[in-house]
Amino acid sequence: MKRGLLYRINANRSLLLMIAPATLFFFVFNYIPMAGIVLAFKQFRYDLGILNSPWVGLDNFKFFFLTGDAFNVTRNTLLYNAAFIIINNALQIVVAILLAEVGSKLFRKTAQTLMFLPYFISWVVVGAVAYNLFNYEFGAINTLLKSFGMEPLDIYTTAEYWKYILIFFSAWKVVGYGAVFYMASILSIDKETYEAADIDGANVFQRILHITLPSLRPTILILVLLAIGGIFRGDFGLFYQLVGNNGMLFQATDVIDTYVYRSLLVNNEVGMSAAIGFYQSVLCFVTILATNYLVRRTDRENALF
């Protein structure tokens, strides 16, 4: 017999109550603020408010693209995030496999704990550590170079170094955290499969190649797809706390998020900030749709939708 909506709600009230906090969180902080998109098409005035501020159409978008900054910040955001996705996921998989192959439970738990700790360290603290490492006058690296009679490196005025510094700190912070997901997938693999491979004479590399990696494929696809969905969203904490407002590094380190921050708080351009944020969201939306479509064409079962 077909049941009504109220009956189904009452029957599943426990499950609905469990998801209610998460639903409320996303509704309040993700869906309601979407009404602010209207600011992207207005010249915001504090005395008139959002609704009464004058419409300017696409002028905020035109200003962003005509300044010449649009291509640079979009390219930086895309390339940095692509590097983070590739390098961080590769390192997470390698770490997870290495830990899974270690026989000692004590060593595995200790290593996991030590690698997990950086994830909980604030980017503000990481920025302070980086400054004490790279400072030209008294930084640890330059102090070491001087002790060997070498010339110090002016890292905070050389943009080229920061491409590698940002990638390093990103990996250092998240590899331990991400490896947990892959470890969980590896530990869920049927142990009889490995035992059968051992009986057939497979060595450790053959087990990893023919059992572990194929079994990790669904997890890899899901995590990569989720990461690609935010490929045009830079990690604001990483870029701002390590680079700050150092204009000499903007060409190589400026991403959409830091550009929006400066437009809003430094230049007080509310309309342009909203326009750039809207542009960023559209890029993320199109990217996740395109990537999911490609995955569905090749492996329908592992697509997000």
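In the block above lies the structure referred to throughout.
Residues numbered from 1 in each chain as written. Predicted model: local features only at pLDDT ≥ 70, side-chain atom pairs only at ≥ 80, totals over all residues. Heavy atoms only, no water.

Caption draft 1: How the structure looks around the pattern of salt bridges. This model, assessed by the stated rule, comprises five salt bridges. Among the salt bridges present, the one from K163 reaches E160, with a minimum N-O distance of 3.4 Å. Taken together, the residues span about one helical turn, with K163 and E160 both in helix α9 (residues 159-187) at a distance of three residues. Judged by relative accessible area, which is 42%, E160 ranks as partly exposed. With its nearest N and O atoms 2.6 Å apart, the salt bridge here joins D254 to R262. A network of salt bridges, in which partner residues are shared, links E101, D198 and R207. (Salt bridge = Lys/Arg side-chain N within 4 Å of Asp/Glu carboxyl O. Helix = DSSP H or I, 4+ residues; strand = E, 2+ residues; numbered from the N terminus. Buried < 20%, exposed > 50% of the residue type's maximum accessible area, 1.4 Å probe, protein only.)

Caption draft 2: Inspection of the layout of surface pockets at higher detail. By volume, the largest pocket is sized at about 830 Å³. Elements represented by at least two residues in the lining of the largest pocket include exactly α2 (13-31) and α15 (270-298). No other element matches the ten residues that α15 contributes to the lining of the largest pocket. Of the residues assigned to the lining of the largest pocket, the class counts are 15 nonpolar, seven polar and one charged. Size it by volume and the second largest pocket reaches roughly 640 Å³. Lining the second largest pocket are 21 residues, and of these N88, Q92, V174, Y177 and A227 lie nearest its centre. Residue assignment for the lining of the second largest pocket shows that the elements contributing at least two residues are α5 (69-101), α9 and α11 (204-228). A total of six residues in the lining of the second largest pocket trace back to one element, the largest contributor, which is α5. The residue inventory of the lining of the second largest pocket, partitioned by class, reads twelve nonpolar, seven polar and two charged. (1 Å grid on protein atoms, 1.4 Å probe; cavity = no way out; pocket = protein on both sides within 12 Å on 5 of 7 lines; lining within 4 Å. Points joined across faces, edges and corners; volume = space filled by probe spheres on them. Nonpolar A, V, L, I, M, F, W, Y, C, P; charged D, E, K, R; others polar.)

Caption draft 3: Spotlight on α11. Compared with the 36 Å implied by 1.5 Å per residue over 25 residues, the 32 Å span of α11 between its first and last C-alpha is markedly short. At R217, α11 is deflected by roughly 45°, the largest bend along its length, and proline P218 occurs up to four residues later in sequence. Residue N203 occupies the N-cap position of α11, its side-chain oxygen lying 3.1 Å from the main-chain nitrogen of F205. (Expected span 1.5 Å × (residues − 1). Bend = angle between axes of the 7 residues up to and from the residue. Polar contact = N/O pair within 3.5 Å; in protein donor to acceptor, adjacent residues only side chain to side chain.)

Caption draft 4: Inspection of the packing of aromatic side chains at higher detail. Throughout the structure, instances matching the rule amount to 29 aromatic pairs. With centroids separated by 5.1 Å and ring planes inclined at 40°, the aromatic side chains of F25 and F29 adopt a geometry described as tilted. You can see F25 and its partner F29 sitting in helix α2, four residues apart, about one turn around the helix. Residue classification places F25 among the partly exposed positions, given a relative accessible area of 43%. With a centroid separation of 6.2 Å and an interplanar angle of 70°, the aromatic rings of Y131 and F138 are classed as edge-to-face. Grouped by ring-pair contacts, the aromatic residues Y131, F134, F138, Y156, W162, F168, F169 and W172 constitute a single cluster. Cation over ring: R262 sits above F250, and NZ or CZ is 4.0 Å from the ring centre. (Phe/Tyr/Trp six-rings, centres within 6.5 Å; stacked < 30°, edge-to-face > 60°. Lys NZ or Arg CZ within 6 Å of the ring centre and 35° of its normal.)

Caption draft 5: Representation of empty space enclosed by the protein in the model. By the definition in use, this model includes one cavity of 30 Å³ or more. Its volume calculated, the largest cavity comes out at about 40 Å³. Taken together, F239, V243, G244, F250, T253, D254, T258 and R262 make up the full set of residues lining the largest cavity. Taken together, the residues that form the lining of the largest cavity break down as three nonpolar, three polar and two charged.

Caption draft 6: Spotlight on the side chain of K173. Position of K173 relative to the elements: it lies in helix α9. For the buried K173, which has no salt bridge, the nearest side chain bearing the opposite charge is D235, at an N-O separation of 6.8 Å. Within the local environment of K173, its side chain forms a polar contact with the backbone oxygen of Y119, the two atoms lying 3.1 Å apart. (Lys, Arg positive; Asp, Glu negative; His and termini not counted.)

Caption draft 7: Focus on the nonpolar core. Of all hydrophobic cores here, the largest spans 22 residues; its most connected members are F134, W162, L166, F169, L238 and L242. Looking at which element gives the most residues to this core, the answer is α9, with six residues. With near-sequence residues (within four places) excluded, L242 lies in contact with W123, V126, G127, A130, Y156, W162, I165, L166, F169 and G237. Within the second largest apolar cluster, 18 residues are counted, among which are V95, I97, A171 and I211. (Core = buried A, V, L, I, M, F, W, Y, C linked by side-chain atoms within 4.5 Å. Contact = heavy atoms within 4.5 Å.)

Caption draft 8: View of the packing of helix α6 (residues 105-116) against α9. Across the interface, α6 lies against α9 with an axial gap of 7 Å and an inter-helix angle of 135°. With respect to their mutual orientation, α6 and α9 come out oblique. In contact with R108, Q112, M115 and F116 of α6, α9 contributes G176, Y177, V180 and M183. Across the contact of α6 with α9, the residue classes tally to five nonpolar, two polar and one charged. (Axes fitted to C-alpha atoms, helices over the stretch in contact; angles between N-to-C directions. Parallel < 35°, antiparallel > 145°, perpendicular 65-115°, else oblique.)

Caption draft 9: Structural detail: the environment of V204. With respect to the secondary-structure elements, V204 resides in helix α11. For V204, a relative accessible area of 30% gives the class partly exposed.

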